[in-house]
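Observations on chain architecture
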Amino acid sequence: MKNVENKVIIITGASSGIGEETAKLLAKNGAKIVLSARREDRLQCLASQLGENVVYLKSDVSNLDDMNALVALAKEKFGRVDVLFANAGVMPGGNMSELKVQDWMSMVDINIKGVLNSIAAVLPDFISQKSGHIVVTSSVAGTKSVPGNAVYAGTKHFVRAMLDSFRTESVLEGTNIRTTTIYPGAIKTELLNTIAPSKTKSMVEEFYKNVGLEPDVIANAVLYAVSQPDNVDVSDMVVRPSKEN
Ligand SMILES: NC(=O)c1ccc[n+]([C@@H]2O[C@H](COP(=O)([O-])OP(=O)(O)OC[C@H]3O[C@@H](n4cnc5c(N)ncnc54)[C@H](OP(=O)(O)O)[C@@H]3O)[C@@H](O)[C@H]2O)c1
């Protein structure tokens, strides 16, 4: 596809769900892909399915050195980076009153600091080449109040506010860096696996089973944003099941 072919695209959270599906679709459309996640066996299997224009690195978004190594790999193999899809995230869930402080901190480390680490790794090149595109996965939870998931919602609100503020800085600085925030609703992935068993978890699982969409709908949204002409910034995309409020 025009404006996707030969683009070098880093995808975090590529070992399952939305990231994996997006890697498949972008590779099919001629992009060169660098896959990132912690489960190396998954990445290796995906890369081998997708062919020689796809490489991977076992990497943790909460570690800035890992993100710098990812960019170094992209430049070594493909010469540059055009797009970052900062997609890795976790959602352990739970009310604040449960005081699962470790879960709060891991959401901050992955959903907030992880996004920042990956942006920090690509930004110097994007600034010097005066082009680049940062796509981040927020959530419908980043657009409203979500009882039972307050810290997760907070991390996804952060992403929204940070990326759109960065977009305006980029316009003022003339760096031509495009930004896209994607807000998925219920998508059938492995995201619910880290929620501890509870009545609420069972209800959420039932909702996802009945109403949830397949991750290809988000992959299509990413493809749409990335394939636009260089002077078009698709800033925000909410994609949810028609039966989700
Ligand atoms: N599914 C939904 O309904 C939904 C809705 C709104 C937003 N989202 C967002 O969509 C994004 C993708 O999630 P998903 O639904 O596709 O769920 P998923 O299948 O669980 O994928 C999450 C991905 O994040 C990676 N990840 C988690 N912690 C990481 C870390 N510390 N370092 C590197 N990678 C890490 C996981 O890989 P490893 O475990 O191998 O590291 C996995 O590849 C997340 O940001 C999530 O919040 C999902």
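Whatever comes next refers back to the structure up there.
An account of the accompanying structure is given in this report. (Residues numbered from 1 in each chain as written. Predicted model: local features only at pLDDT ≥ 70, side-chain atom pairs only at ≥ 80, totals over all residues.)

1. So, the environment of Met-105
Keep this limit in mind: We count a stretch as a helix when DSSP gives it H or I for four or more residues in a row; a strand needs E for two or more, and each element gets its number in order from the N terminus. Whether a residue is buried, exposed or partly exposed follows from its count of other C-beta atoms within 10 Å of its own C-beta, namely 20 or more, 12 or fewer, or something in between, respectively; the C-beta atoms are built from the backbone.
Here Met-105 shows up in helix H4 (residues 101–129). Since 12 C-beta atoms lie within 10 Å of it, Met-105 is described here as exposed. Each C-alpha atom of the pair Met-105 and Ile-187 lies 24 Å from the other, and the pair is 82 residues apart in sequence.

2. Things to note about helix H7 (residues 216–226)
Put simply, the test is: Throughout, the arc means the angular range of directions from the helix axis out to the C-beta atoms.
Buried within H7 we find Ile-218, Ala-219, Ala-221, Val-222, Ala-225 and Val-226. Down the axis of H7, the buried side of the element spans an arc of 160 degrees, and every buried residue falls inside it.

3. Here's the deal with the nonpolar core
Applicable threshold: We define the nonpolar core as any set of buried residues of the types Ala, Val, Leu, Ile, Met, Phe, Trp, Tyr and Cys, connected via C-beta atoms lying within 7 Å of each other. Each residue gets a C-beta atom placed from its backbone, and two residues are in contact if those atoms lie within 7 Å.
By size, the foremost hydrophobic cluster in this structure holds 59 residues, and its most contacted members are Ile-10, Ile-33, Leu-35, Leu-84, Phe-85, Val-135 and Val-222. For this core, the element with the most residues is H4, which contributes 7 residues. Sequence-distant contacts of Ile-33, that is, excluding residues within four places in its chain, are made with Ile-9, Ile-11, Ala-23, Leu-26, Ala-27, Leu-50, Asn-53 and Val-54.

4. Quick look at the site of the ligand
Note the threshold: Only the C-beta atom, placed from the backbone, is used; a residue is near a molecule or strand if that atom lies within 6 Å of it. Residue polarity follows a fixed list, in which Ala, Val, Leu, Ile, Met, Phe, Trp, Tyr, Cys and Pro are nonpolar, Asp, Glu, Lys and Arg are charged, and the others, Gly among them, are polar.
Among the 30 residues in the neighbourhood of the ligand, the closest are listed as Gly-13, Gly-17, Arg-38, Arg-39 and Gly-89. Counting residues per element, the ones that place at least two in the shell around the ligand are helix H1 (17–28) and H4. For the shell around the ligand, the element with the most residues is H1, which contributes 3 residues. Counted by class, the shell around the ligand contains 12 nonpolar, 13 polar and 5 charged residues.

5. A few points about unusual backbone geometry
Phi at Leu-99 takes a positive value of approximately 55 degrees, unusual for a residue other than glycine. Position of Leu-99 relative to the elements: it lies in the loop between strand E4 (83–86) and H4. In this structure, Lys-130 is a non-glycine residue whose phi angle is positive, near 55 degrees. Summarising the element assignment, Lys-130 is placed in the loop between H4 and strand E5 (132–137).

6. Quick notes on helix H2 (residues 40–50)
Turning to H2, its buried residues number three or more, namely Leu-43, Leu-46 and Ala-47. On an axial view of H2, the arc spanned by its buried residues comes to 100 degrees, and they lie on one face. Of the exposed residues in H2, those oriented more than 90 degrees away from the buried face are Asp-41, Ser-48 and Gln-49. Along its buried surface, H2 packs onto H1, strand E2 (32–37) and strand E3 (54–58). Where H2 terminates, the next one or two residues include Gly-51, which has phi positive at roughly 100 degrees.

7. With respect to the sheet that holds E2
Counted only if it meets this: Note: two strands are recorded as paired if DSSP finds a minimum of 2 bridges between them. Throughout, an axis means a line fitted to C-alpha atoms (over the contacting stretch in the case of helices), and angles, computed between N-to-C directions, take values from 0 to 180 degrees.
As summarised here, the arrangement of the 7 strands in space is E3-E2-E1-E4-E5-E6-E7, forming an open sheet in which the pairing is parallel. The open sheet is flanked by E3 and strand E7 (236–239), the only strands paired with a single partner. Recorded for the sheet is a direction-independent mean angle of 15 degrees between the axes of neighbouring strands. Relative to E7, strand E6 (residues 177–184) runs parallel, the two sharing 4 bridges. Counterpart to Pro-184 in the pairing with E7 is Val-239. Its contacts with the sheet place H2 against E2 and E3, and it is angled at close to 175 degrees to E3. Strands in contact with H4 are strand E1 (8–12), E4, E5 and E6; relative to E4, the strand with the most contacts, it is inclined by about 170 degrees.

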